[in-house]
Every structure is written in C-alpha cells, then in structure tokens.
Amino acid sequence: MINYNKMIFELSNEGRVGYSLPRSSFNNYNIDDLNDNLKRKSELLLPEVSELDVLRHFTNISNKNFGVENGFYPLGSCTMKYNPKINEEMASNKAFRNLHPLQPISTVQGALEVYYNLQKYLSEISGLYEFSLNPFAGAHGELVGLMVIKAYHQDRGDFKRNKIIIPDSAHGTNPASTVVCGMEVIEIKSNDKGRVDLESLKAVLSDDIAGMMLTNPNTLGIFENDICEITKLVHDAGGLMYYDGANLNALLGKVRPGDMGFDVMHINLHKTFSTPHGGGGPGSGPVGVTEILSKYLPNPRVKKLDDYFYVENSGEALGQISAYFGNYLVALRAYTYIRTLGKENLKMVGRYATLNANYISKALKTAYDLPIPGYCMHEVVFNGLNNKDTDVKTLDIAKRLLDYGMHAPTIYFPLLFPQAIMIEPTETETKETIDEFINVMHKIAIEAKEHPEILKQAPTKTPIRRTDEVFAAKMMIFSYKDYLEYINNRG
Amino acid sequence: MSKLVEGLYYSKSHEWVKPLEDDVVLIGITDFAQSELGDVVFVDLPEVGNTISQEDEFGAVESVKAASDLIAPVTGEILEVNEELVGEPELLNKDPYENWLLKVKLENPDELGNLLNSEEYAEFIK
C-alpha cells in the first residue's frame, strides 16, 4: 500500500456513520431555541466514513511516516531519544487517564503527588528554586519565562528595561518569544570559536537591558566556557539570565543552570525527559526560577503541607497561562522516565549523549567540514562536505540519507554556517547503529564525488520523492477547505 | 563561482548598488547572496517615500532555508520598489543583478566610498 495517497475527506460518503453516541441526557433541550448568532452558517464538511475506513486510512498513512521506532533519527537540537514504553503504560493507566482537573483535591492526591514531585525533581536537576509545569511547550515556556522577567523589573518600578540580548546562534524561538512578550531583541555575534563574544556582550550592556537568553551548550553543541563571567556581567548590569533548556540533555546530572547563574529557564520535557515529540506532541515546557522570582510563577500551583497536596492561585503577576495544569499526562511520562532511570543513571544520560556526538564528529571529519574543531557536547555541526568541488549541497546529503533508511539531521541551522548539518545522536543509540550511520555518511561523501546525480535525485526509495519546497512555501494549503479552494481557482 | 558585475558597488552584507543619474541608485542582492539563500520564496520590502540608512535593516528575504535581513548599503529616500518581486520572488534566483529591489535617491553620495568594488567583493566572498 505504499502508493496510498488519499485524504480522509475523499473517502467520505454522505450519510455513512462510523460512530454511535450515547442517548442524550438533556431531554428538554430544543436545538431551535439556540440563539441565531450561535448557529453555524456554513457546512461542516466533516468526513462521513465507517470505523474501518478510518482505521485503514490512518494505518496506511502511518506506513509512510518515519519515526524513532523506524530507524536512526539524528535530528539536531531536537533530542529525538527513544521514549521507553513504560512511560506510555503509566500515561494510559485509568487511574490517571480518567481524572478531571476539577475533581475535589482530596480525590486526586496521588496525581498531585506525581506533579509536585516532578516540580521538585526538576528543581534538583536544574538548581533552580521552583518550577511551574503549566506551559504547554518549549516556546510557551520561553514566553512565560520572559513574562516573569518583565514582571520582576516592572514590580520594582523599572519600566525602562525592555531589551533582551540574544546571541546570533540562538534558536529562532528566542527572538520570537521576546517579540511576542513585547520586548526588543539585541543580537550579538559569536566569536570564531562559536561562543558568545564577551566584548560584543559588554558593548550592549546598559540600564535598558531586561536580560539575556542563552542556550548552553549552544546550538553548535559547544559549551560556553565563559558562562560564569557572562552571567556576572549581565547581573552587574541589572539584567536577568534566561536559560533556554532545549540543550539540557548534554548537561543532565553534570552541570546545573542554577549554579551557572541563570535566574529563569524552561525545560523541554519532550526532549530531555523522553515524552512524545513531533507532530504537535503534545509537548511540555516547565519554567523554573530562583527564589526571588518564584512569586511571579503562573497559577495554578501545586503545593504540599505535611502529607497533603493542594492547589493554590497565589501567583502575583501572570495569572493563568494554560488550561488547568498544562499537559498533565506528559508530566507523568517525564516523572516515569526520571523514576525509571534513577539518580545514578540520569547522570549517565549527558555523558553518553556527548560521547556519541564526539564519536561521530571524529569519524566524519575526514569527509565533512568541521568548522569548530575540538570537542563538542551532545551534538556536532558540520558545514557540508570537505570536498567543495562538487555541486552537492547539504540538502542533497540529507535527502540521500532517507534512501538509506535514516532520518535526516537538522540542516541549514544554525545560520552561522551556510551548509550546516547538525547531528544529535542522543544517548539511546547503540554503537552498531551509530557505526552504520557513519558508514552511510562516508558512502554518501564518495557518491557525491563519483555519482553526484544520485544525490541530486534522492530520495528515490521513499513513498514521497523530493518535495517542491518552493511551491510548499508559497502555496500554503493547511486544510481540505484550502485545498478545494486552490483546485477550484486553478480551474 | 558567483557572478559579479563590474562597475557596481558591493556591501559586506551582500547587496549591490548601481548608480544611475542624479544620485539615484538601484539596490539589489548579489549572486553570492541568492546562491547562499537558495530558492527565494518571499521578499519583504519597505514602502516608497520611506528612507533607508546605511547599515540598517530595511526588509527581508525568505528562502526555503532561512529568512535573512536586508541591510541598506546606502542612505536615502525610496523612489521606487520592484513590485514584481512580490508575486515572483524567484526572479532573485534567476537574475539577481537584473531584478533590483529598490530605487533610491542618495542623501550622501560619499557613502558609496564605504562600499567594495567588484574585485574587492570577489576577494571578500572567496
């Protein structure tokens, strides 16, 4: 069924029903009484299909997908580690799954205990005083963290501090979150070692700096050796330090952002703590802060008194930033992961992730251009092939990897190197898998020289061949309705 | 090898400036810039009547790879904007020297002295 290429709407047959609803318990309700402006004016256009139609459809399209469970998935900056099945087992447990967030507190003590304990574990792991698990994803966490920074300054009557310093190697979400939070971005250049340039930093420090956002290790997989001096410089200028936790996997159990001098951070549970990832997740981006900032964390907050867990809305600044408690079942999976590994094994995560990335770095640098020499942390960034005489670009290499049954690494990010290939193997891969990847990458380098046309045509073995990215970027069709409109307009 | 046109002025942020008459210039992006960007899918340009100032950003070019700021190589008032690029941004890939972005009246023609000539630019992108 490799050629299956339908949308579920195309299976629709008017009047076909694939569900049965329970008898309505609202006996006195008459739909005609509904206020006219609440009534739907246009057709709903939902597919009318049988249960078997639905099942086959999604099974068939899932066969076209590629996930961590299909093969190696070294997507840099995304930490595509394997999510152990025990996480799912816990999350599908009825005792958690069937809870309602408005149930009486006394009936959900166990669920709150998990939630509270995870807050505490994240504090211990990161060295920050208190966590809120409410944000729905990493970028949401960034926004909430920046709102905390803003609230802190404004609470002191300092309305001038409205600028956030961000290095040019940062994740794109950093400047985006800053702008969404109503603050201004100041970009500073990296030095030739790929690190924050201290002189450039000093040059932009002033009394209108609200803070600085930093990823450590940065997006090049390089540890910021000057981190203590950076945090001191920003603090001395009256700013706060924000830690983008996207790359926390590298440091797990080794170094703590709180100890480096960071005041606020988010953690991507779906990266570091093995919860569902991609395709919308759902993710989770807990925000941690120092003691001084803890009063600005959002509501609701889960607290503990003796052995009793309770919920309070004591946050002074932000109010609520999520529906109820955020993605509870994601937090439960992260809790399961931490408890499964335990303290000793959690400390090995960053070490193995770093070892694997350096193993790849060393094995591939004979064929691929390594712009920042020396050791990396959890990921390694190459700048295309060493052999610059071919017309083969990073995009072609990435596409060719798919033919070998491996997911492509992150490409063209970070923007510092025009042909960037960013490889993050994570700690969950065996040496055999990593060796196979290295062999394939060397094969591709040879192909680039001897048969570049193979790479230009790749992928040839996937259900969908090379996509027209220009068309996709210019013609954004996100729904069946948009698609119908496009077809009609095209005539 | 990136194409260059002699007689143009080049900035280190990969824009070119072509002097016309009466201190009026055309501004575009270089062949090197378009080839590094890859397929361009969107061009964001300022409005006629606005001013741009040397080394400040005045718009953006978005490709399938990344979005890049456009940095003004000179200071002056915008006389004309190449509207064709809005509908057909791929023209920048086809011929970056023919498809200019802005027509600008220079405020200070001496600023051209801060830019590179084609030989210096060729050396710069090597």
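Reading the values: the criteria
- Residues numbered from 1 in each chain as written.
- Chains lettered and ligands numbered in written order.
- Predicted model: local features only at pLDDT ≥ 70, side-chain atom pairs only at ≥ 80, totals over all residues.
- Helix = DSSP H or I, 4+ residues; strand = E, 2+ residues; numbered from the N terminus.
- Rg over C-alpha atoms; globule rule 2.2 N^0.38 Å.
- Buried ≥ 20, exposed ≤ 12 C-beta atoms within 10 Å, placed from the backbone.
- Expected span 1.5 Å × (residues − 1).
- Core = buried A, V, L, I, M, F, W, Y, C linked by C-beta atoms within 7 Å.
- Domains from an automatic or database assignment.
- Contact = placed C-beta atoms within 7 Å.
- Pairing = 2+ DSSP bridges.

### Observations concerning the overall build of chain B
Next, step 1: A count of helical and extended segments in chain B gives four helices and nine strands.
Next, step 2: From first element to last, N terminus to C terminus, chain B shows the α and β order β-β-β-α-β-β-β-β-β-α-α-β-α.
Next, step 3: Compactness check: chain B gives a C-alpha radius of gyration of 13 Å against a globular reference of 14 Å for 126 residues, within 12% of the reference.
Next, step 4: Buried positions account for 35% of the 126 residues belonging to chain B.

### Digging into helix α4 (residues 109-126) of chain A
Next, step 1: Spanning 18 residues, α4 of chain A covers 26 Å between terminal C-alpha atoms, matching the ideal 26 Å at 1.5 Å per step.
Next, step 2: Downstream of α4 of chain A by a residue or two, G127 of chain A has a phi angle that is positive, lying close to 80°.

### A word on the environment of H270 of chain A
Residues and elements named next belong to chain A.
Next, step 1: Mapped onto the elements, H270 comes out in helix α10 (residues 269-272).
Next, step 2: Classification of H270 by C-beta neighbours within 10 Å gives buried; the count is 26.
Next, step 3: Measuring from C-alpha to C-alpha, the distance between H270 and G67 comes to 14 Å, with 203 residues separating the pair along the chain.

### Observations regarding the nonpolar core
All names here are of chain A.
Next, step 1: In terms of nonpolar packing, the biggest core is built from 108 residues, with V148, Y242, V264, A331 and A334 touching the most fellow members.
Next, step 2: Among the elements that line this core, the one with the most residues is helix α11 (residues 328-364), at 12 residues.
Next, step 3: Mapped onto the domain boundaries, this core takes at least three residues apiece from domain 2 (87-340) and domain 3 (349-472).
Next, step 4: Not counting the four nearest positions on each side in its chain, V264 is found in contact with G145, V148, I149, L240, Y242, V287, V289 and L293.

### Points about the sheet that holds strand β3 (residues 24-29) of chain B
Two pairing modes exist for strands in a sheet, parallel and antiparallel, and in both the strands are linked by backbone hydrogen bonds.
Next, step 1: Here we have six strands laid out as an open sheet, ordered β1-β2-β3-β9-β8-β5 (chain B), and antiparallel in their pairing. The two strands at the open ends of the sheet, each matched to only one other strand, are β1 (9-10) and β5 (51-52) of chain B.

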